[in-house]
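# Descriptive structure summary
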Amino acid sequence: MSTIAKITQRLPMDKSSANVLLSKLGQMSKTLLLPIIGLTVFLVLWSISANNINTSLGKFPGPVAVVAQFDSLYQEHVAEREKAAAFYERQKVRNEARVAKDPTYVPKTRAYTGKETFVDQIFTSLITVMSGFLLAAIIAIPLGIWMGLSKNLNAAINPIVQLFKPVSPLAWLPLVTMVVSALYVSPDPMLSKSFINSLLTVTLCSLWPMIINTSIGVASIDTDLLNVSRVLRLSAFTHVQKIVLPASIPLIFTGMRLSLGVAWMVLIAAEMLAQNPGLGKFVWDEFQNGSSESLSRIMAAVIVIGFIGFLLDRAMLALQAWFSWDKAR
């Protein structure tokens, strides 16, 4: 008999309560232990493999080397922020002295132009991917709803969607870059061209899963719900708000989850290819750098990219649960 069973036998509870407790403890142990076992096996295999792989830059980094790089990258970020603070403090002192001599002088503050740290590039990539994803959602969800409601519109637009859906981001990026360079001309642009290039590339590659899943979700609404709308003579806006959206939310969010995953992968590839600021550029710069620590820094970036992708997917699941009328899902 297991230790858990012996403990529960000594507790003053009936048999059904003990069974429920045992079931919950068993489920909890599976939820916690199985991922821990999986991660432990992965780390052991990674360590063994790393010790047996020699590259032109030395041994392939193991878990210990990668963890050390996380600390090193964070310390670099702290040091860079201290340099930026000192830079602005020196400007403040100079400007105050200048104003004291000449009260008519208008102080000017120059922006700190130091290199972006690993932490900075994480936030740059997150801002870019969410901007491109939200722009895609603003376009794709209304279009998908319209296509789901109109068979004629769906027949007209679906071939275009199917044509562009498989196109790689590496094919879109040169076209986007040339168009932005031609149209986005300003002596003092509010947004950098590199940001616009990455944003539009992410948007173009994120549109298609959302359009497809939204249109399918709307088109497959239960006929009983549609009949209720007809009987109540709901207006088009009320029909969409009260009937279409609640019924099609699961598939809409499925499309959004797929699109967000695609957007994150596309962004990293676009940043590497176009050398736009972000995690992709960090990986490429480290690869080109070729130092003895480059491999471990690249591996650290790979782990961060994967972890952020996981968090984005979990966040989308949480949003789906919050928006869904069926809270049991």
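Here the structure is a predicted model, which is why all the values come from computation and not from measurement.

### With respect to the overall build of the protein chain
Each helix and strand counted, the protein chain has eleven helices and two strands in total. Secondary structure of the protein chain in N-to-C order comes out as α-α-β-β-α-α-α-α-α-α-α-α-α. Counting all 329 residues of the protein chain, 33% fall into the buried class. When contacts within the protein chain are restricted to residue pairs at least 6 apart in sequence, those whose partners lie at least 24 apart make up 69%. Taken as a whole, the protein chain presents about 20400 Å² of accessible surface, with 68% of it coming from carbon and sulfur.

### Some details on the packing of helix 9 (residues 236-274) against helix 11 (residues 294-323)
Two numbers describe how helix 9 lies on helix 11: the axes approach to 10 Å, and their chain directions differ by 160°. As judged from the angle between their axes, helix 9 and helix 11 are roughly antiparallel. The handedness of the crossing between helix 9 and helix 11 comes out as right-handed. Across from I249, P250, F253, M256, R257, L260, W264 and I268 in helix 9, the residues of helix 11 making contact are I305, I308, G309, L312, D313, R314, M316, L317, L319, Q320 and F323. Residue composition of the contact of helix 9 with helix 11, grouped by class: 14 nonpolar, two polar and three charged.

### Regarding the nonpolar core
Membership of the largest hydrophobic core comes to 51 residues, with the highest contact counts inside it found for F118, M210, M256, W264 and L279. Looking at this core, the elements that each hand over two or more residues are helix 2 (15-51), helix 3 (63-101), helix 4 (118-149), helix 5 (151-164), helix 7 (193-219), helix 9, helix 10 (279-289) and helix 11. With twelve residues, helix 9 is the single largest residue contributor to this core. Contact partners of L279, with chain neighbours within four places excluded, come to F118, Q121, I122, S125, W264, I268, E271, V304, I305 and I308.

### Re the packing of aromatic side chains
Under the counting rule described, the total for this entry stands at seven aromatic pairs. The interplanar angle of 45° and the centroid separation of 5.5 Å between the aromatic rings of F164 and W172 together place this pair among those described as tilted. Take F164: its relative accessible area is 30%, and that puts it in the partly exposed class. Taking the relative accessible area as the measure of exposure, W172 reaches 13% and is therefore buried. Ring geometry for W284 and F287: centres 5.5 Å apart, planes at 40°, overall tilted. Note that W284 and F287 are positioned in helix 10 at a spacing of three residues, about one turn of the helix. Taking relative accessible area as the criterion, W284 reaches 31% and is therefore assigned partly exposed. Put simply, the rings of F87, Y88 and Y112 pair up and form one aromatic cluster.

### Structural notes on the side chain of E286
Mapped onto the fold, E286 is located in helix 10. In this view, E286 contacts S294, R297 and I298; residues no more than four positions away in its chain are not counted.

### As for the pattern of salt bridges
The final tally for this structure, using the stated rule, is six salt bridges. Residue R81 pairs with D120 through a salt bridge whose shortest N-O separation is 2.9 Å. Here R81 is found in helix 3, whereas its partner D120 is found in helix 4, with 39 residues between them in sequence. Judged by relative accessible area, which is 32%, R81 ranks as partly exposed. Under the relative-accessibility criterion, D120 is labelled buried at 18%. Across the pair D313 and R314 runs a salt bridge, and its minimum N-O distance is 2.8 Å. When salt bridges with common partners are traced through the structure, they connect E76, E286 and R297 into a single cluster.

### Overview of the side chain of Q91
Structurally, Q91 is set in helix 3. For Q91, a relative accessible area of 4% corresponds to the buried category. Excluding residues that lie within four positions of it along the chain, Q91 makes contacts with K108, T109 and R110.

### Thoughts on the packing of helix 6 (residues 169-183) against helix 7
Axis separation between helix 6 and helix 7 bottoms out at 9 Å; the angle between their running directions is 135°. As summarised for this structure, helix 6 and helix 7 are arranged oblique, according to the angle between their axes. With respect to the hand of their crossing, helix 6 and helix 7 are arranged in right-handed fashion. Listed contacts from helix 7 to P169, W172, L173, V176, T177, V180 and S181 of helix 6 are K193, I196, N197, L200, T201, L204 and C205.

### Here we look at the environment of M272
With respect to the element layout, M272 can be found in helix 9. Accessibility expressed as a relative area gives 29% for M272, which makes it partly exposed.

### Some thoughts on helix 4
If you check helix 4, its first and last C-alpha atoms are 46 Å apart, about what 32 residues at 1.5 Å a residue would give, namely 46 Å. Taken as a whole, helix 4 carries its principal kink of about 25° at A137.

### With respect to the confidence of the model for the protein chain
The pLDDT averaged across the protein chain works out to 84; a share of 89% of its residues lies at or above 70. At the level of individual helices and strands, the protein chain shows its lowest average pLDDT in helix 1 (residues 3-10), which scores 48, and its highest in helix 4, which scores 93.

About the criteria used
- Once a new chain begins, its residue numbering starts again from 1 and follows that chain's sequence as written.
- In view of the model being predicted, local features appear only for residues whose pLDDT reaches at least 70, and side-chain atom pairs are presented and counted only at 80 or more, with totals across whole chains, interfaces and linings using the full set of residues.
- Where side-chain values are given, they derive from all heavy atoms of the structure, hydrogens and water being excluded.
- Strands are runs of DSSP state E lasting at least two residues, helices are runs of H or I lasting at least four, and both sets are numbered from the N terminus onward.
- Think of it in three bands: residues with accessible area under 20% of the maximum for their type are buried, residues over 50% are exposed, and the middle band is partly exposed, with areas taken using a 1.4 Å probe on protein chains only.
- In what follows, residue pairs with any heavy atoms lying within 4.5 Å of each other are defined as contacts.
- The Shrake-Rupley method, run with a 1.4 Å probe sphere, supplies the accessible areas, and residue values consider only the shown protein chains as cover.
- Under this scheme, a helix contributes an axis fitted over its contacting stretch, all axes are lines through C-alpha atoms, and angles between N-to-C directions fall in the 0 to 180 degree range.
- Oblique is the label for any angle not covered by the other classes, which are roughly parallel (under 35 degrees), roughly antiparallel (over 145) and roughly perpendicular (65 to 115).
- Left-handed describes a crossing whose near helix is turned anticlockwise from the far helix through less than a right angle; right-handed describes the clockwise counterpart.
- When residues are sorted by character, Ala, Val, Leu, Ile, Met, Phe, Trp, Tyr, Cys and Pro go into the nonpolar class, Asp, Glu, Lys and Arg into the charged class, and all the rest, Gly among them, into the polar class.
- For this analysis, a nonpolar core means a set of buried residues of the types Ala, Val, Leu, Ile, Met, Phe, Trp, Tyr and Cys, connected via side-chain atoms within 4.5 Å.
- Here a Phe, Tyr or Trp ring, Trp counted by its six-membered ring, pairs with any other such ring whose centre lies within 6.5 Å, and the pair is stacked when the planes are under 30 degrees apart, edge-to-face when over 60, and tilted otherwise.
- The term salt bridge refers to a side-chain nitrogen of Lys or Arg lying within 4 Å of a carboxyl oxygen of Asp or Glu.
- Every helix has an expected span of 1.5 Å times one less than the residues it contains.
- What is called the bend at a residue is the angle between a pair of axes, fitted to the seven residues leading up to and ending at it and to the seven starting from it.
- By definition, pLDDT measures how confident the predictor is in each residue, and it falls between 0 and 100.

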